[in-house]
Amino acid sequence: ARIPHEDIICLEADKNYTLIHIRGVNRPKLVRYLMSEIQRMLPEEKFVRVHKSYVVNRKLITSLTANQVDLGEFKFPVGRAYRGNLINDQL
């Protein structure tokens, strides 16, 4: 089933699987795709990779520092290699 982009909070890598966290859904959806494969299917201007294990929805970012990005109650580390991805946002 297709998930509207605006409802995706983030993607979380789990080996050869990806957890898709969706707004209004308690449990993430587990899919058998690499996170990088799913990221390629999403609009680049709406989603940003912040860590080797996380891709987040740019529109849902509530706060951002060099080391952490928050999406409401979700908090994610920002990997050193991915800080440059966020420069255009609010850093």
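Residues numbered from 1 in each chain as written. Predicted model: local features only at pLDDT ≥ 70, side-chain atom pairs only at ≥ 80, totals over all residues. Heavy atoms only, no water.

A. Looking closely at the overall build of the protein chain. Each helix and strand in the protein chain was counted, giving 2 helices and 8 strands. From first element to last, N terminus to C terminus, the protein chain shows the α and β order β-β-β-α-β-β-β-β-β-α. In terms of C-alpha radius of gyration, the protein chain reaches 12 Å, essentially the compact-globule figure of 12 Å for 91 residues. Put simply, the protein chain has 91 residues, and 37% of those count as buried. Long-range pairs, those at least 24 residues apart, make up 35% of the contacts in the protein chain with a sequence separation of at least 6. For the protein chain, the exposed area adds up to about 6,100 Å²; of that, 47% sits on carbon and sulfur atoms. Here the protein chain holds 15 positive side-chain charges and 10 negative ones, and the gap between their average locations is 4 Å. (Helix = DSSP H or I, 4+ residues; strand = E, 2+ residues; numbered from the N terminus. Rg over C-alpha atoms; globule rule 2.2 N^0.38 Å. Buried < 20%, exposed > 50% of the residue type's maximum accessible area, 1.4 Å probe, protein only. Contact = heavy atoms within 4.5 Å. Areas by Shrake-Rupley, 256 points an atom, 1.4 Å probe, with all protein chains shown as cover. Lys, Arg positive; Asp, Glu negative; His and termini not counted. Charge placed at Lys NZ, Arg CZ, Asp CG, Glu CD.)

B. Representation of the environment of valine 50. Structurally, the position occupied by valine 50 is in strand S4 (residues 47-51). For valine 50, the residues in contact, after removing those within four places along its chain, are Val56, Val69, Phe76, Pro77, Val78, Gly79, Tyr82 and Leu86.

C. Structural context of the nonpolar core. Ranked by internal contacts, the top residues of the largest apolar core, which has 14 residues, are Val50, Val56, Ile61, Val69, Leu71, Phe76 and Leu86. Secondary structure elements with two or more residues in this core: strand S1 (8-14), S4, strand S5 (54-57) and strand S7 (68-71). By size, the runner-up hydrophobic cluster in this structure holds 10 residues, among which are Leu11, Ile22, Leu42 and Phe47. (Core = buried A, V, L, I, M, F, W, Y, C linked by side-chain atoms within 4.5 Å.)

D. Spatial organisation of the pattern of salt bridges. Scanning all chains against the criterion turns up 1 salt bridge. Residues aspartate 70 and lysine 75 are paired through a salt bridge, measuring 3.5 Å at the closest nitrogen-oxygen approach. (Salt bridge = Lys/Arg side-chain N within 4 Å of Asp/Glu carboxyl O.)

E. How the structure looks around the sheet that holds strand S8 (residues 74-77). Within the open sheet, the 3 strands sit side by side as S6-S7-S8. Their pairing is antiparallel. For this open sheet the edge positions go to strand S6 (63-64) and S8, each flanked by a neighbour on one side alone. (Pairing = 2+ DSSP bridges.)

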